[in-house]
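Each chain, letter by letter, is given below.
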Amino acid sequence: MNKSEELKKNIKKDLEVLEKENLNWYTVQVYNGSELAVKKQMLELADNIYTDNLVYVLCPYEEIISISNVKKQKSILKKALFPGYIFIALKTPLTNELKIIFRQIPKYSQVLDAKLTTNDIKKIHNNIQKVFKSQTIKYKKDFQKNDKVLILSGPFENFKGNVDKIDHENNKAYLNVNIFGRETPIDIGMDQIKVIED
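In this text, all values refer to a predicted model and were calculated from it rather than measured experimentally. (Residues numbered from 1 in each chain as written. Predicted model: local features only at pLDDT ≥ 70, side-chain atom pairs only at ≥ 80, totals over all residues. Heavy atoms only, no water.)

## With respect to the packing of helix 1 (residues 5-18) against helix 4 (residues 118-133)
Note the cut-off: In this analysis, axes come from line fits to C-alpha atoms, helices being fitted only over the stretch in contact, and the angle between any two N-to-C directions falls in the range 0 to 180 degrees. Numbering of helices and strands starts at the N terminus; helices are DSSP runs of H or I of at least 4 residues and strands are runs of E of at least 2. The cut-offs work like this: below 35 degrees is roughly parallel, past 145 is roughly antiparallel, 65 to 115 is roughly perpendicular, and the gaps in between are oblique. Note on convention: near helix rotated counterclockwise from far helix by under a right angle means a left-handed crossing. Clockwise means right-handed. By the convention used here, residues are in contact when the closest approach between their heavy atoms is within 4.5 Å. Only Asp, Glu, Lys and Arg are considered charged, only Ala, Val, Leu, Ile, Met, Phe, Trp, Tyr, Cys and Pro nonpolar, and every remaining residue, Gly among them, polar.
The geometry of helix 1 relative to helix 4 is characterised by a closest axis approach of 10 Å and an angle of 155° between their N-to-C directions. With respect to helix 4, the element helix 1 is oriented roughly antiparallel. Considering the relative orientation of helix 1 and helix 4, their crossing is left-handed. Residues Lys8, Ile11, Asp14, Leu15 and Leu18 of helix 1 pack against Ile121, Ile124, His125, Ile128, Gln129, Val131 and Phe132 of helix 4. In terms of residue class, the contact of helix 1 with helix 4 is built from 8 nonpolar, 2 polar and 2 charged.

Written as structure tokens, this is what we have:
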């Protein structure tokens with residue numbers, strides 16, 4: 001499954017802003033899992049107080065496919081690349097006044113005082129670029145070694161097997177499948193299997 005157009009557009013915008021010069025970048029600590037919500041609230045708050053100092057709120061994320069073992073339904077989740085952190089670009093250095101304003105935001109912890117260095121910005125840029133270059137969506141780790149699974153499609157459809165290992169980078173599962181009375185190792189896409197009860 002390919003990335004959504006929304007994610008591609010967001011990544012492109014993130015990379016463009018990171019490449020701009022003369023911005024003051026800071027790290028913001030937030031509650032893990034609330035990165036996108038804090039980003040939205042920061043932008044709304046900046047609009048309400050009419051500040052033009054806040055240029056951009058960067059919250060890079062990737063899309064992860066989660067397959068419910070109970071309902072066998074797929075859903076696409078947004079997972080922050082830097083869990084517990086977002087980054088802000090300011091026209092001028094950070095002020096105490098802006099810190100006080102941000103404290104109104106639920107699930108916000110703090111802005112770190114030290115500006116991000118050019119090297120820090122390059123690292124963030126490189127991590128975002130890796131997500132941009134990868135065309136497929138990763139799968140959430142729902143499978144574990146020795147899970148009993150049913151193959152849903154392909155030449156081994158309806159065969160059962162045991163998970164030997166999971167390759168998240170390539171969205172593959174390596175299974176041991178009993179084919180004609182013989183244990184045979186196969187690799188298969190994680191979207192082609194589901195966990196079953198013994």
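## Considerations on the pairing of strand 5 (residues 85-90)
Just so we agree on the cut-off: The classification of residues rests on relative accessible area computed with a 1.4 Å probe and restricted to protein chains. Under 20% of the type maximum is buried, over 50% is exposed, and intermediate values are partly exposed. By this definition, two strands are paired if DSSP reports at least two bridges between them.
For strand 5, a buried count of 5 out of 6 residues is recorded, marking the element as mostly surrounded by other parts of the structure. As judged from the 6 bridges shared by strand 1 (residues 24-30) and strand 5, these two strands associate in the antiparallel manner. Along strand 5, the bridge assignment pairs threonine 27 with phenylalanine 87. Pairing geometry for strand 2 (residues 54-58) and strand 5, over 4 bridges, is antiparallel. Along strand 5, the bridge assignment pairs valine 57 with isoleucine 88.

## What to know about the sheet that holds strand 12 (residues 193-195)
Taken together, 5 strands build an open sheet; the order of strands is 11-10-9-8-12 and the sheet is antiparallel. Edge positions in the open sheet fall to strand 11 (182-189) and strand 12, since each of these has one partner strand only. Within the sheet, the average angular offset between the axes of one strand and its neighbour, ignoring direction, is 40°. Alignment of strand 9 (residues 160-167) against strand 10 (residues 172-179), held across 6 bridges, turns out to be antiparallel. Bridge pairing in strand 10 places lysine 165 opposite tyrosine 174.

## Re the sheet that holds strand 6 (residues 108-115)
The sheet built from 4 strands is open, its strands ordered 2-5-1-6 with antiparallel pairing. With partners counted over all chains shown, the strands left at the sheet margins are strand 2 and strand 6, one partner each. On average, each strand axis in the sheet is tilted by 25° relative to the strand beside it, whichever way the strands run. Helix 1 rests against strand 1 and strand 2 of the sheet, and its axis sits at about 130° to strand 2.

## Notes on helix 2 (residues 35-48)
What sets the pattern is the α-helix's 3.6 residues per turn: residues three or four places apart point alike. Selection criterion: A helix is expected to reach a length of 1.5 Å times the quantity of its residues less one. Think of the arc as the fan of directions from the helix axis to the C-beta atoms.
For helix 2, built from 14 residues, the straight-helix expectation of 20 Å at 1.5 Å per residue is met to within 8% by its first-to-last C-alpha distance of 20 Å. When we look at burial in helix 2, the residues that qualify are Glu35, Val38, Lys39, Met42, Leu45 and Ala46. Looking straight down helix 2, one finds that the buried residues subtend no more than 130° of arc, so they occupy a single side. More than 90 degrees from the buried face of helix 2, the exposed residues found are Lys40, Asp47 and Asn48. Buried positions along helix 2 lie against strand 1, strand 2, strand 4 (74-80), strand 5, helix 3 (96-102) and strand 6.

## Examining the side chain of lysine 99
Along the polypeptide, lysine 99 turns up in helix 3. Ignoring anything within four residues of it in the chain, the contact list for lysine 99 reads Leu94, Tyr108, Val111 and Asp113.

## A closer look at the pattern of salt bridges
Stated precisely, the cut-off is as follows: Basic side-chain nitrogens of Lys or Arg form a salt bridge, by our definition, when they fall within 4 Å of a carboxyl oxygen of Asp or Glu.
Taken as a whole and judged by the stated rule, the model has 6 salt bridges. One salt bridge connects aspartate 187 with lysine 172, and the closest N-O pair in it is separated by 3.1 Å. In this pair, aspartate 187 sits in strand 11 while lysine 172 sits in strand 10, placing the two residues 15 residues apart along the sequence.

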